[in-house]
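Read off the chains here:
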Amino acid sequence: MPPSPVALMEELIEEILLRFPPDDPAPLFRAALVCKAWCRLISAAAFRRRFRKIHRTPPLLGLICLGGGTSSLTGFSIEKTQFTPTSTFRLPSAKISNWRVIDALHGRILFRDMVSLGSSGCSEFVVWSPITGGEVRRLPMPCLRSMSWSAALLCASTVCDDHHLDCGYGAFAVVLVATHSNKGLTSVYIYSSEQHVWSEPISNQDWSVQVIGGAGGSTAIVGKTVYFRCVHERTSKLLAHELCKQQLSFVSLPSVGRIDVYDSFALKKADEGKLGLLMVREDAKLSMWSREAAPDGDADWTLQRVFELDKMLPPWVLWYHYKLFAAPSSNDVFVLKVDGLLFTLDLKSGRVTELLLHGWRADKDISHVFPYISFCIPCIVCPKDT
């Protein structure tokens, strides 16, 4: 029996909706509100899976920026977090103004609440999935006084990869690494959302280690290893934590000559499960490297590509100082701060686009930028048929 015209029409509608541009999520949300049938179609896991498979690369939805300002009431300088959209996606800036972004993974974001205090009297972590409408989960932080630290957000699923669809819904983990300068201890804590507790710390004593915090490219997850930036024996290195073995080790950065002084670098996950690294040099070159994911052993860095920024940026931009920001969930799009301006750099196309900020100057006000990169697909609870 041939398929009914109604079935054919539904298939055609799905094929059309699947090709809506991912960097303009508003039309897809409006389509989900047209009728119950379209709502069920777009909200289904099968549709989200096909949408991601067709478009493959998640878009840049906006920038989560930490900047300084002056309070109109007290006259004192304050820091606040603001979301600057680069698409039709919106994040409520008032909600996150006192939160500092730490990490993000597949639409879920890890913040540090700079105002609220947990039961221990320390700040709290906040984990939020704004796209899926997930709840705000507050995590009490371990006491980190006199410590420098960094943290990474992980999906607890054993099958999580760049195309995993359920990170915003399921269990998650937070890996926190901290160095105590007064004790020479580097400790790793792991939070499980299923058990609602932090693990006992795994510690190594080494007075020459200091973890470097910050958001936007300061961590990377490759397989079952989490990488953090650190200083070891007065040299910039990576601190690798193997989740399965619960071990810490160090990874050296690519060796370069003295004329190649690196001012900024960001970590990323490269193709084929390798660790990736971007380095901005004072000679207006951006180098892209990859390395086998083994935290130790004989693996070396391989230079993949060199971008000549002086030929890609507008001629009026002066390259006195570069700062690079990256989102761990993205392999391709990065944000570059140079000469008081912000630019996005697409590694695949080599395209550079200037970003416009609302009410802030990048040279003075902005101290951290986190590119928020994710697919934004509606997850709407459809009304039942009556």
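Procedures and definitions
- Residues numbered from 1 in each chain as written.
- Predicted model: local features only at pLDDT ≥ 70, side-chain atom pairs only at ≥ 80, totals over all residues.
- Heavy atoms only, no water.
- Helix = DSSP H or I, 4+ residues; strand = E, 2+ residues; numbered from the N terminus.
- Buried < 20%, exposed > 50% of the residue type's maximum accessible area, 1.4 Å probe, protein only.
- Contact = heavy atoms within 4.5 Å.
- Areas by Shrake-Rupley, 256 points an atom, 1.4 Å probe, with all protein chains shown as cover.
- Pairing = 2+ DSSP bridges.
- Axes fitted to C-alpha atoms, helices over the stretch in contact; angles between N-to-C directions.
- Core = buried A, V, L, I, M, F, W, Y, C linked by side-chain atoms within 4.5 Å.
- pLDDT = per-residue confidence, 0-100.
- UniProt positions renumbered as here; feature names shortened; annotations may be inferred.
- Salt bridge = Lys/Arg side-chain N within 4 Å of Asp/Glu carboxyl O.
- Polar contact = N/O pair within 3.5 Å; in protein donor to acceptor, adjacent residues only side chain to side chain.
- Parallel < 35°, antiparallel > 145°, perpendicular 65-115°, else oblique.
- Nonpolar A, V, L, I, M, F, W, Y, C, P; charged D, E, K, R; others polar.
- Arc of directions from axis to C-beta.
- Lys, Arg positive; Asp, Glu negative; His and termini not counted.
- Phe/Tyr/Trp six-rings, centres within 6.5 Å; stacked < 30°, edge-to-face > 60°.

In this structure, what is going on with the overall build of the chain? I would like to understand it.
Across its full length, the chain carries 6 helices and 25 strands. Looking at the chain residue by residue over its 386 residues, the buried ones come to 50%. Pairs at least 24 apart in sequence give 51% of the contacts found in the chain among residues at least 6 apart. Here the chain has roughly 19100 Å² of accessible surface; of this, 54% comes from carbon and sulfur atoms.

Would you explain the sheet that holds strand β24 (residues 352-355) in this entry?
Backbone hydrogen bonds hold the strands of a sheet together, and the pairing may be parallel or antiparallel. Reading across from one edge, β21-β22-β23-β24 is the order of the 4 strands in this open sheet, with antiparallel pairing throughout. Edge positions in the open sheet fall to β21 (322-326) and β24, since each of these has one partner strand only. Strand-to-strand twist in this sheet, taken as the mean axis angle between neighbours without regard to direction, amounts to 30°. Inspection of the sheet shows strand β23 (residues 341-346) paired to β24 by 4 bridges, in the antiparallel sense. Counted as the bridge partner of Leu-345 is Val-352 from β24.

Explain the nonpolar core here, please?
Ranked by size, the top nonpolar core spans 30 residues in total, and within it Leu-63, Ile-64 and Phe-111 carry the most contacts. Elements that contribute at least two residues to this core include exactly β1 (60-70), β3 (99-105), β4 (108-117), β5 (123-128), β22 (333-338) and β25 (366-373). In this view, Ile-64 contacts Thr-81, Gln-82, Phe-83, Leu-91, Ile-96, Val-101, Ile-109, Phe-111, His-368, Val-369, Phe-370 and Tyr-372; residues no more than four positions away in its chain are not counted.

Help me out: how do you make sense of the confidence of the model for the chain in this one?
Detailed reading of the predicted model is not advised wherever pLDDT is low. In the predicted model, the chain carries a mean pLDDT of 79, and the fraction of residues at 70 or more is 79%. Confidence over residues 257-261 falls short of pLDDT 50; this stretch has 5 contacts with residues more than four positions distant or in other chains.

Sorry if this is basic, but what is going on with the UniProt feature "domain: F-box" (unreviewed entry) in the chain here?
Those residues carrying the UniProt feature "domain: F-box" (unreviewed entry) are residues 10-44 in this numbering. Its end C-alpha atoms 14 Å apart, residues 10-44 is made of 66% helix and 0% strand.

Honestly, the pattern of salt bridges in this entry has me stumped. Any pointers?
Pairs can form between side chains of opposite charge whenever their charged atoms are close. Inspection of the entire model under this criterion finds 6 salt bridges. The residue Glu-14 makes a salt bridge to Arg-50 at a minimum N-O spacing of 3.6 Å. Taken together, the positions of Glu-14 in helix α1 (residues 5-17) and Arg-50 in helix α4 (residues 45-55) put the pair 36 residues apart, joining distant regions of the chain. On the basis of relative accessibility, which here comes to 18%, the residue Glu-14 falls in the buried class. Under the relative-accessibility criterion, Arg-50 is labelled partly exposed at 33%. Arg-138 serves as the salt-bridge partner of Glu-124, at 3.1 Å between the closest nitrogen and oxygen. Taken as a pair, Glu-124 in strand β5 and Arg-138 in strand β6 (residues 137-140) lie far apart in primary sequence, 14 residues in all. On the accessibility criterion, Glu-124 (13% relative accessible area) is buried.

Could you clarify how one ought to interpret the side chain of Thr-81 in this entry?
Of note, Thr-81 is situated in strand β2 (residues 77-85). At 2.3 Å, the side chain of Thr-81 and the backbone oxygen of Trp-99 are in polar contact.

Explain the environment of Pro-59 here, please?
Mapped onto the elements of the fold, Pro-59 is located in the loop between α4 and β1. Along the chain, Pro-59 and Pro-21 lie 38 residues apart, while their C-alpha atoms are 9.3 Å from each other. Contact partners of Pro-59, with chain neighbours within four places excluded, come to Pro-22, Asp-23, Tyr-372, Ile-373, Ser-374 and Phe-375.

What am I meant to see in the packing of helix α3 (residues 36-43) against α4 here?
Remark: α3 packs on α4, axes separated minimally by 5 Å, with the N-to-C direction vectors making an angle of 60°. Taken together, the axis directions place α3 and α4 in an arrangement best described as oblique. Only Ala-45, Phe-47 and Arg-48 of α4 make contact with α3, whose side of the interface consists of Leu-41, Ile-42 and Ser-43. For the contact of α3 with α4, a count of residues per class yields 4 nonpolar, 1 polar and 1 charged.

Could you clarify how one ought to interpret the environment of Glu-14 in this entry?
For the pair Glu-14 and Trp-38, spaced 24 residues apart in sequence, the C-alpha separation works out to 8.6 Å. What Glu-14 contacts, discounting residues up to four positions off in sequence, is Leu-41, Phe-47 and Arg-50.

In this structure, what is going on with α3? I would like to understand it.
Here α3 has its buried residues at Cys-39, Ile-42 and Ser-43. What you see down the axis of α3 is that its buried residues fit within an arc of 90°, all on one side.

When you look at the side chain of Lys-285 in this model, what are you seeing that I'm missing?
Tracing the sequence through the fold places Lys-285 in strand β19 (residues 285-291). Put simply, Lys-285 is tucked away with no salt bridge, and the nearest opposite charge, on Asp-310, sits 4.9 Å away. In contact with Lys-285, other than residues within four places in its own chain, are Met-279, Val-280, Val-306, Phe-307 and Glu-308.

Just checking my understanding: could you explain unusual backbone geometry for this structure?
Note on backbone geometry: most residues besides glycine have negative phi, and most peptide bonds are trans. Even without glycine at this site, Arg-56 takes up a positive phi of about 65°. Take Arg-56: it is sitting in the loop between α4 and β1. Although it is not a glycine, His-196 adopts a positive phi angle of roughly 60°. With respect to the helices and strands, His-196 occurs in the loop between β9 (185-192) and β10 (197-198).

What exactly am I supposed to notice about the packing of aromatic side chains here?
The relative placement of two aromatic rings is captured by the distance of their centres and the angle of their planes. Evaluated as defined, the whole model comprises 10 aromatic pairs. Between Phe-83 and Phe-89 the ring centres are 5.8 Å apart and the planes differ by 85°, which places this aromatic pair in the edge-to-face class. The buried category is assigned to Phe-83, whose relative accessible area is 4%. With a relative accessible area of 8%, Phe-89 lands in the buried category. Pairing Phe-125 with Trp-149 gives two aromatic rings, centres 5.7 Å apart and planes at 75°, and the pair type is edge-to-face. Of this pair, Phe-125 sits in strand β5 while Trp-149 sits in strand β7 (residues 147-155), and the two are 24 residues apart along the sequence. Across this residue pair, the class does not change: Phe-125 and Trp-149 are buried. Grouped by ring-pair contacts, the aromatic residues Phe-125, Trp-149, Phe-172, Tyr-191 and Trp-198 constitute a single cluster.

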